[in-house]
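What the coordinates show
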Amino acid sequence: MAGRHAAGVWRAAWAALGLSLHTLLSAAPLTHTDDLGRRVTLPAPPQRIVAIGPSIVESLCAVGGCDRLVGVDRFSNHPASVQSLPKLGGLGEASLEQIVGLKPDLVLLLPASRLHDRLSQLGVPVLALDAQSLPEMHRLLRHLAALMGEPARAEQVWAQMLREVDAAAAPLPAAWRGRSVYFEVDPTPFAAGEASYIGALLARLGLRNIVPAALGTFPQLNPEFVLRAQPELIVVGQREAPNLAARPGWARLPAVRQGRVCALPRDDGEVVGRPGPRMGEAARALVRCIAARPAP
């Protein structure tokens, strides 16, 4: 009995020590290097975070940081809990005064934002983060999970995302495997290239992107490029789909003539257009849209 009691005392002591070490490590200073190469040191994991960018917001929530958000941009609407947070403006013109007024101990911005220097001059810690490719999405999750003091959460979320994509790909009709696809993100036209997260998603669905990685993640194309490539499937937003045949020469494209145009509804387009933890949902939306089109 005495031996068991002593062992219990030691286990309790070690447990208490482990808790103390976790507390100490969580409170230790954290140094992070953002996507602009700037190093920021935080005295402890941030508790009041402003995040400007829907992908950043969704990724932060996925690794357990939703309850630390105190303000977001006006486009961030997922998960539902962020809809009640103060909206601080658009991605490029978020309100400096509103951000500072929320007294954040960290602000997460897209690299293209103009607020980095102004916030830093006011003593507000800022990190510039973004993700346009699959590896960058993984890195963003790791970065945010480390900020939360929960680095293991990133790998859990990442593995779940990939499982969901692979499960979504299974119902896609075999006739579509290996078919060429053009994915338009803007009618100017900008396209999703092989190197982009959308390109990687299309590849995991078994499709062949006509826009090579060498052109970049989301390159602006000469419209003639698409005419020469003759994609077997075109993916565009629902509003743009009716206008494709009116583009010079596009009425001759087999995909346009034969109805192989996947017109994403607004809500589905929003999910597909955000590099983040809802990649499985994005894959399901694409498969639904593609499977409804006549196979080549």
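The present account deals with the structure reproduced in this document.

Analysis parameters
Residues numbered from 1 in each chain as written. Predicted model: local features only at pLDDT ≥ 70, side-chain atom pairs only at ≥ 80, totals over all residues. Heavy atoms only, no water. Salt bridge = Lys/Arg side-chain N within 4 Å of Asp/Glu carboxyl O. Helix = DSSP H or I, 4+ residues; strand = E, 2+ residues; numbered from the N terminus. Buried < 20%, exposed > 50% of the residue type's maximum accessible area, 1.4 Å probe, protein only. Pairing = 2+ DSSP bridges. Axes fitted to C-alpha atoms, helices over the stretch in contact; angles between N-to-C directions. Left-handed = near helix turned anticlockwise from the far one by under 90°. Contact = heavy atoms within 4.5 Å. Nonpolar A, V, L, I, M, F, W, Y, C, P; charged D, E, K, R; others polar. Phe/Tyr/Trp six-rings, centres within 6.5 Å; stacked < 30°, edge-to-face > 60°. Disulfide = S-S within 2.5 Å. Polar contact = N/O pair within 3.5 Å; in protein donor to acceptor, adjacent residues only side chain to side chain.

1. Re the pattern of salt bridges
Within this structure, the stated rule accounts for 12 salt bridges. With its nearest N and O atoms 2.7 Å apart, the salt bridge here joins Arg274 to Glu58. Highlighted residues: Arg274 in the loop between helix H10 (266-272) and helix H11 (279-291) and Glu58 in helix H2 (residues 54-62), separated in sequence by 216 residues. In this structure, Arg274 and Glu58 share a single accessibility class: buried. Asp268 is paired through a salt bridge with Arg288; the nearest N and O atoms lie 3.4 Å apart. Here Asp268, found in helix H10, pairs with Arg288, found in helix H11; they are 20 residues apart in sequence, far enough to count as distant. Taken together, the shared-partner salt bridges in this structure form one network comprising Glu58, Glu270, Arg274, Arg278 and Glu281.

2. A few points about the pairing of strand S4 (residues 69-72)
As defined by bridge partners, strand S3 (residues 49-51) adjoins S4 across 3 bridges and the pair is classed as parallel. Paired with Ile49 across the bridge in S4 is Leu69.

3. Quick notes on the packing of helix H5 (residues 134-147) against helix H6 (residues 152-169)
Where H5 contacts H6, the two axes come as close as 8 Å, and the packing angle between them is 145°. The two elements H5 and H6 cross, and the hand of that crossing is right-handed. Contacts between H5 and H6 involve Leu134, Met137, His138, Leu141, Arg142 and Ala145 on the former and, on the latter, Arg153, Ala154, Glu155, Val157, Trp158 and Met161. Classifying every residue of the contact of H5 with H6 gives 8 nonpolar, 1 polar and 3 charged.

4. Examining the sheet that holds strand S6 (residues 126-128)
Spatially, 4 strands are ordered S4-S3-S5-S6 in an open sheet, and the strand pairing comes out parallel. The open sheet has two edge strands, S4 and S6, and neither has a second partner. Mean inter-strand twist for the sheet, computed between neighbouring axes without regard to direction, equals 20°. The strands touched by H2 are S3, S4 and strand S5 (106-109); relative to S4, the strand with the most contacts, the crossing angle is about 160°.

5. Observations regarding the packing of aromatic side chains
Considering all chains together, one arrives at 2 aromatic pairs under this definition. A ring pair is formed by Tyr182 and Trp250, whose centres lie 6.0 Å apart and whose planes are at 70°; its orientation type is edge-to-face. Taken as a pair, Tyr182 in strand S7 (residues 180-186) and Trp250 in the loop between strand S10 (233-237) and helix H9 (254-257) lie far apart in primary sequence, 68 residues in all. With a relative accessible area of 0%, Tyr182 lands in the buried category.

6. A word on the state of the cysteines
Counted under the stated rule, the structure contains 2 disulfides. A sulfur-sulfur distance of 1.9 Å marks the disulfide that ties Cys61 to Cys66. Taking the sign of the S-S torsion, 75° for the link of Cys61 and Cys66, the bridge is right-handed. Overall, Cys66 belongs to the partly exposed group, its relative accessible area being 21%. Paired through a disulfide, Cys262 and Cys289 show a sulfur-sulfur distance of 2.1 Å.

7. A few points about the pairing of S7
Taking burial as the measure, the 7 residues of S7 include 5 buried ones, the bulk of the element. With 2 bridges connecting them, S7 and strand S9 (residues 208-209) associate as parallel partners. Each residue of the ladder has a partner; that of Ser180, found in S9, is Arg208. Sheet analysis places S7 next to S10, joined by 3 bridges and oriented parallel. Of the residues in S10, the one forming a bridge with Phe183 is Val235.

8. Here we look at the side chain of Asn209
Relative to the helices and strands, Asn209 is located in strand S9. Reaching out from Asn209, the side chain makes a polar contact with the backbone oxygen of Ala192 at a distance of 3.0 Å. Polar side-chain contacts of Asn209 include one of 2.9 Å to the backbone nitrogen of Val211. The residues touching Asn209, leaving out its near neighbours within four places in the chain, are Val181, Ala192, Gly193, Glu194, Gly199 and Leu202.

Keep in mind these values describe shape, not function.
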